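# Architecture and fold: a report
Residue strings, one per chain:
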Amino acid sequence: QVQLVESGGGLVQAGGSLRLSCAASGRTFSSYAMGWFRQAPGKERDFVAAISWSGRTYYADFVEGRFTISRDKAKDTVYLQMNSLKPEDTAVYYCAAGRSYNPFQGSYWGQGTQVTVSS
């Protein structure tokens, strides 16, 4: 069974940091692009960041240099380091894997992890 499992979400004050992790199991995604999306209550799911199989990255405009996506192929894990968090970053964050890097399209999805930023 293919699974992507996110972790690292939680409650943090504005200006704080969190690091999200997404571990794959059931198959390897080393040749896939990996990415993060987020969905706030009552809003559509938005793209956040993606990383190609070779390590190229790109981000949504609202990231503004605050987030960094990275991956460890040996562990089949992708990370999202989030710094200078704002209340508007509050959302459920989902990781995904897909063949298409740019634009990133997820074919496999995790269950999501809640990030809450208090003001």
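What counts and what doesn't
Residues numbered from 1 in each chain as written. Predicted model: local features only at pLDDT ≥ 70, side-chain atom pairs only at ≥ 80, totals over all residues. Heavy atoms only, no water. Salt bridge = Lys/Arg side-chain N within 4 Å of Asp/Glu carboxyl O. Helix = DSSP H or I, 4+ residues; strand = E, 2+ residues; numbered from the N terminus. Buried < 20%, exposed > 50% of the residue type's maximum accessible area, 1.4 Å probe, protein only. Phe/Tyr/Trp six-rings, centres within 6.5 Å; stacked < 30°, edge-to-face > 60°. Lys NZ or Arg CZ within 6 Å of the ring centre and 35° of its normal.

## Thoughts on the pattern of salt bridges
- For the structure shown, the criterion picks out three salt bridges.
- The partner of aspartate 89 in a salt bridge is arginine 38, with the nearest N and O atoms 2.8 Å apart. A residue pair is termed long-range when its members are at least 10 positions apart, and aspartate 89 in the loop between strand 8 (77–82) and strand 9 (91–98) and arginine 38 in strand 4 (residues 33–39) qualify at 51 residues. With respect to burial, aspartate 89 and arginine 38 carry one shared label: buried.
- Of the charged contacts, one joins arginine 66 and aspartate 89 as a salt bridge, the two residues approaching to 2.6 Å between their closest N and O atoms. With a gap of 23 residues between them, arginine 66 in the loop between strand 6 (57–59) and strand 7 (67–72) and aspartate 89 in the loop between strand 8 and strand 9 connect regions that are remote in the sequence.
- You can call aspartate 89 buried: its relative accessible area is 1%.

## Side note on the packing of aromatic side chains
- Overall, the coordinates contain eight aromatic pairs when judged by the stated rule.
- Here the aromatic rings of phenylalanine 29 and tyrosine 108 are separated by 5.2 Å at their centres, their planes lie at 65°, and the arrangement is edge-to-face. Taken together, the positions of phenylalanine 29 in the loop between strand 3 (18–25) and strand 4 and tyrosine 108 in strand 10 (residues 108–109) put the pair 79 residues apart, joining distant regions of the chain.
- Residue phenylalanine 29 is classed as buried on the basis of its relative accessible area of 0%.
- Taken together, Phe37, Phe47, Tyr58, Tyr101, Phe104 and Trp109 form an aromatic cluster joined through their ring pairs.
- Between arginine 45 and the ring centre of tryptophan 109, over which it is positioned, the NZ or CZ distance is 4.8 Å.

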